[in-house]
Amino acid sequence: MDVREHLKYGIHKFQTEVYPKHQQEYIEAANKPQTPHTLVITCSDSRIDPELITQSGPGDIFVSRNVGNMVPPYGEMVGGISSVIEYAVSALKVQHVVICGHSDCGAMKALLKPESLEKLPTVRRWLRNAEAALSVAKEIATPDAMLPSLTEQNVLMQMNHARTHPSVAGAIARGELSVGGWVYDIEHGDVKIFNEQKNKFESTLGAGA
Ligand SMILES: [Zn+2]
């Protein structure tokens, strides 16, 4: 099937099968200002579905995606992600910002294999936002564990970068915002959440509510 037909088929299926079941929810969402509780910053990878894995409906989560779920430190560049953070935190008053990395991330793999970026100069420059995470992973991980370690260290690094944004720092100081880190394991449906006390990512599989 032609890609455009494939997409239209999906839209039609949404309109005839999904929308009718949730019509009231959509009408309500469309007729009041959005008040998402969380800003999710995750990778553009097509295998991640933030609404699905958090079972969120319209209006629940504000989502921003980019290659490698990165947040340049404040002042480095004004762009999509810095505007998203400022808007979500200062205007929408989200209570939580979560950086969500994932298994088998192409951006993390490229960091470990820089020669693969020869023909991708823009991506190569963007990935500099994770260079410090790469240094840490190289110090602490065995070669076998390099990719998962880098994925975790990148999430932690981007959490730190997020805290350099004045809107985030101010809201944290007022006790109105927290910053969290997740790693989504696509194969197993696990979402590992960073536990600050224990200084490690913990599986949520079988954890219950
Ligand atoms: Zn990725």
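No experiment lies behind these values; they were computed from the predicted model shown. Here the residue numbers are simple positions, counted from 1 along each chain's written sequence. The predicted origin of the model limits local features to residues at a pLDDT of at least 70 and limits the giving and counting of side-chain atom pairs to 80 or more, whereas totals for whole chains, interfaces and linings rest on all residues. Processing note: side-chain calculations cover all non-hydrogen atoms of the structure and skip hydrogens and water entirely.

Colleague: Please give an account of the packing of aromatic side chains that cites residues and values.
Modeller: Stacked, tilted and edge-to-face are the three classes applied to pairs of Phe, Tyr and Trp rings, where Trp contributes its six-membered ring and a pair requires centres within 6.5 Å; stacked means planes under 30 degrees apart, edge-to-face means over 60, and tilted covers the rest. Applying the stated rule across the entire model yields 5 aromatic pairs. Ring geometry for Y19 and Y26: centres 5.5 Å apart, planes at 25°, overall stacked. The class for Y19 is partly exposed, based on a relative accessible area of 28%. Under the relative-accessibility criterion, Y26 is labelled partly exposed at 26%. Between the aromatic rings of F62 and Y87, the centroid separation amounts to 6.0 Å while the plane-to-plane angle is 45°, which identifies the pairing as tilted. With F62 in strand β2 (residues 61-66) and Y87 in helix α4 (residues 80-91), this residue pair connects regions lying 25 residues apart in the sequence. By relative accessible area, which is 17% here, F62 ends up buried. The cut-offs for exposure are 20% and 50% of the maximum accessible area for each residue type, with area from a 1.4 Å probe on protein chains only; residues under the lower value are buried, those over the upper are exposed, and the others partly exposed. Numbering of helices and strands runs from the N terminus; a helix is a DSSP stretch of H or I covering at least four residues, while a strand is a stretch of E covering at least two.

Colleague: Describe the sheet that holds strand β4 (residues 178-185), naming the residues involved and giving the relevant values.
Modeller: Judged by pairing direction, the sheet is mixed, and its 6 strands sit side by side in the order β2-β1-β3-β4-β5-β6 without closing on themselves. Of all the strands in the sheet, just β2 and β6 (200-202) have a single pairing partner and so form its edges. Going from strand to strand, the sheet's axes swing by 25° on average, the running direction of each strand aside. Criterion used throughout: strands pair if DSSP finds at least two bridges between them. Summarising the sheet, strand β5 (residues 190-195) and β6 pair through 3 bridges and their orientation is antiparallel. Each residue of the ladder has a partner; that of N195, found in β6, is K200. As a rule, the C-alpha atoms of each element are fitted with a line to give its axis, helices using only the stretch in contact, and angles between N-to-C directions run from 0 to 180 degrees.

Colleague: Tell me about the environment of H102, and please be specific about residues and values.
Modeller: Checked against the element boundaries, H102 lands in strand β3 (residues 96-102). Placed 93 residues apart in sequence, H102 and N195 show a C-alpha to C-alpha distance of 17 Å. When neighbours within four sequence positions are excluded, H102 is seen to be in contact with C43, D45, R47, I48, N69, T151, V183, Y184 and I186. Here, residues are in contact when the closest pair of their heavy atoms is within 4.5 Å.

Colleague: Give me the lowdown on the environment of V89, citing residues and values where you can.
Modeller: Mapping V89 onto the fold places it in helix α4. Overall, the relative accessible area of 4% leaves V89 in the buried class. Taking the C-alpha atoms as reference, V89 lies 29 Å from A207; in sequence the two are 118 residues apart. When neighbours within four sequence positions are excluded, V89 is seen to be in contact with V94, V97, S167, V168, A171 and L177.

Colleague: Can you explain helix α9 (residues 166-173)? Please cite residues and give values.
Modeller: Among all positions of α9, only S167, V168 and A171 are buried. Each buried residue of α9 sits inside an arc of 95° when the element is viewed along its axis, so together they form one side. Backbone geometry just downstream of α9 places G175 in the positive-phi region, at approximately 75°. The arc in question is traced by the directions running from the helix axis to the C-beta atoms.

Colleague: Describe the domain arrangement of the protein chain, with residues and values.
Modeller: An automatic or database domain assignment supplies the residue ranges for each domain. If you check the domain split of the protein chain, you get domain 1 (1-32) and domain 2 (36-202). The gap between the C-alpha centroids of domain 1 and domain 2 is 29 Å.

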